[in-house]
Amino acid sequence: MRRSAILGTGFCVPDRIVTNDDLAGLMDTSDQWIRERTGIEQRHWVREGETSVDLALPAAQRALEAAGLTAKDIDAIVFATSSPDHFCPGNGVYLQRALGAGQLPALDIRTQCSGFVYGLSVADAWIRSGQFERILVVGQEIQSTGMDVSTDGRHVAVIFADGAGAAVLGPVDPSEGRGLLSFDLHSDGDHAEKLWVDAPGSMYHPRISVGQLEAGRQWLQMDGREVFRHAVTRMPESATAALTKAGYTWNDVSLLIPHQANLRISEAVQKSLKLRDDQVYNNIMRYGNTTSATIPIAMDECVRSGRLKRGDLLVLTAFGSGFMWGSAVIRW
Ligand code: COA
């Protein structure tokens, strides 16, 4: 039975940097409040007119280049986003068109902050089964256009941001040692409305009304305390389950990349797993929470800076809207 491995990674964020002081000019907040509660110092937001392709294409091209491949070598795209350019079609086809790689299958997945981990598991299964050889997995978000940047939305708007990360997966022989080893995936729809966007939605006719717009139902809504409470339990639980499935313990782990939801959440996860600082990577200070893109962005930074090396045991864990959560264990 063959395995899949990550052959190359890449990321792209918009060039517009938004500092905490910039946000303090839009709403009643402060650099100190944002740093203390979230760890975020700055984030990147798109300029008007920028699209998913503007972020996902450079991220994909960098991942392909790192893998020593071109778009023509890819057999399928798995595109994770919770903030598609349009209700339909999904973002995958826009990336397929921009890549110029032929009529590849393109699968959009909507599992929010866990999107990249879910995407890896789909790509891994496709490669293991022999259905496809090389798959581009992308996590990309434009959250900045879906947030209320007035004081009413400040507990959400200071957290979320825009960006894209990508990985190219391909088959490897298990004798090489490396590859994706295990997954642990979950959801709990009892909490669906704790981090969600109500409208537009097909349960409404029309899908969004003037009344809903006036009530702000188009903005991302979050019960921050509930998200925090569940995230700090679910991520350690799931990451440990994936690790156990792969036959390892935390002593074997070189690096944990937690979804960059909030630095306080990552710190609580690290503490509960009793991990050293050198075993956990955080970059939310510079990028904010880019939802499905946080993990591939962090992974690419780790690879390029030498923090993640061939042979390392890597654990990824994510939690977010749904609630949905999951983890992956990878021998790099
Ligand atoms: N700037 C200044 N004050 C703010 C603020 C902001 N950006 N956002 C909220 N506040 C205020 C609130 O209005 C409240 O004021 P009050 O006491 O006068 O009513 C006070 O700060 C505390 O608000 P609360 O929402 O209880 O704060 P909190 O300690 O729970 O922190 C979060 C808010 C959002 C930082 C925190 O709940 C959190 O990090 N949750 C997890 C969010 C997350 O990670 N989401 C992504 C998941 S993928």
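Reading guide: rules and limits
Residues numbered from 1 in each chain as written. Predicted model: local features only at pLDDT ≥ 70, side-chain atom pairs only at ≥ 80, totals over all residues. Heavy atoms only, no water. Pairing = 2+ DSSP bridges. Helix = DSSP H or I, 4+ residues; strand = E, 2+ residues; numbered from the N terminus. Axes fitted to C-alpha atoms, helices over the stretch in contact; angles between N-to-C directions. Contact = heavy atoms within 4.5 Å. Expected span 1.5 Å × (residues − 1). Bend = angle between axes of the 7 residues up to and from the residue. Buried < 20%, exposed > 50% of the residue type's maximum accessible area, 1.4 Å probe, protein only. Right-handed = clockwise from strand over helix to strand, strands pointing away. Salt bridge = Lys/Arg side-chain N within 4 Å of Asp/Glu carboxyl O. Near = heavy atom within 4 Å. Polar contact = N/O pair within 3.5 Å; in protein donor to acceptor, adjacent residues only side chain to side chain. Areas by Shrake-Rupley, 256 points an atom, 1.4 Å probe, with all protein chains shown as cover. Nonpolar A, V, L, I, M, F, W, Y, C, P; charged D, E, K, R; others polar. Domains from an automatic or database assignment. Buried area = accessible area lost by both parts, 1.4 Å probe.

A. Broad picture of the sheet that holds strand β1 (residues 3-12). Ordered by their spatial adjacency, 5 strands build an open sheet running β1-β7-β6-β4-β5, and the pairing between neighbours is mixed. Each edge of the open sheet carries a strand with a single partner, namely β1 and β5 (106-109). Adjacent strand axes in the sheet meet at a mean angle of 20 degrees, parallel and antiparallel pairs treated alike. Examined bridge by bridge, strand β4 (residues 76-80) and strand β6 (residues 135-141) share 5 bridges and lie parallel to one another. Pairing of Ala76 across the sheet is with Ile135, part of β6. In this fold helix α5 (residues 115-129) packs onto β1, β4, β5, β6 and β7 (163-172), with an angle of close to 170 degrees to the strand it touches most, β6. Helix α11 (residues 294-305) contacts β1 and β7 of the sheet and is inclined by roughly 95 degrees relative to β1.

B. Looking closely at helix α8 (residues 224-246). Between the first and last C-alpha of α8 there are 32 Å, a value that for 23 residues agrees with the 33 Å anticipated at 1.5 Å per step. The largest bend along α8 reaches roughly 25 degrees and is located at Ala231.

C. Layout of the pairing of β4. In terms of burial, β4 is largely enclosed, as 5 of its 5 residues are buried. At this point the chain moves from β4, through helix α4 (residues 91-99), to the parallel β5, and the crossover so formed is right-handed.

D. The pattern of salt bridges, seen in detail. What the rule picks out here adds up to 16 salt bridges. A salt bridge links Asp28 to Arg154; its shortest N-O distance comes to 3.7 Å. Separated by 126 residues along the polypeptide, Asp28 in the loop between α1 (20-24) and α2 (31-38) and Arg154 in helix α6 (residues 154-157) bring together distant segments of the chain. Overall, Asp28 belongs to the exposed group, its relative accessible area being 51%. Salt bridges linked by common partners bring Asp31, Arg35 and Glu41 together as one network.

E. View of the sheet that holds strand β13 (residues 324-331). With respect to topology, 4 strands assemble into an open sheet ordered β8-β13-β12-β11, the strand pairing being mixed. Where the open sheet ends on each side, the last strands, each with one partner, are β8 (179-187) and β11 (255-258). Within this sheet the neighbouring strands show an average axis-to-axis angle of 10 degrees, counted without direction. Pairing of β8 with β13 involves 8 bridges; the strand directions are antiparallel. Looking across to β13, one finds that Leu185 is bridged to Gly326. Across the sheet, α11 is in contact with β11 and β12 (313-320); its angle to β11 comes to roughly 145 degrees.

F. Spatial organisation of the site of the ligand. As a matter of local geometry, the ligand sits amid 22 residues, with Thr29, Arg37, Arg154, Gly224 and Asn262 nearest to it. Between the ligand and the protein, one listed contact pairs an oxygen atom with a side-chain N or O atom of Arg225 at 2.9 Å. Relative to its free-state accessible area of 950 Å², the ligand is covered by the protein chains to the extent of 72%. For the shell around the ligand, the elements supplying multiple residues, two or more each, are α2, α6 and α8. The greatest single-element share of the shell around the ligand, amounting to 4 residues, is contributed by α8. Considered class by class, the residues forming the shell around the ligand number 12 nonpolar, 6 polar and 4 charged.

G. Spotlight on the domain arrangement of the protein. You can read the domains of the protein as domain 1 (3-176) and domain 2 (179-280 + 289-331). The C-alpha centroid of domain 2 is placed 14 Å from the C-alpha centroid of domain 1. Each partner contributes residues to the interface: domain 1 has 53 residues there, and domain 2 has 47 residues. Summed over both partners, the interface of domain 1 with domain 2 buries about 3700 Å², with 65% contributed by carbon and sulfur atoms. At the junction of domain 1 with domain 2, the criterion picks out 1 salt bridge. A salt bridge links Arg310 to Glu176, with the nearest nitrogen and oxygen atoms 3.8 Å apart. Our count for the domain 1 to domain 2 interface comes out at 20 residue pairs in polar contact (both at pLDDT 80 or more). No other element matches the 8 residues that α5 contributes to the side of domain 1 that touches domain 2.

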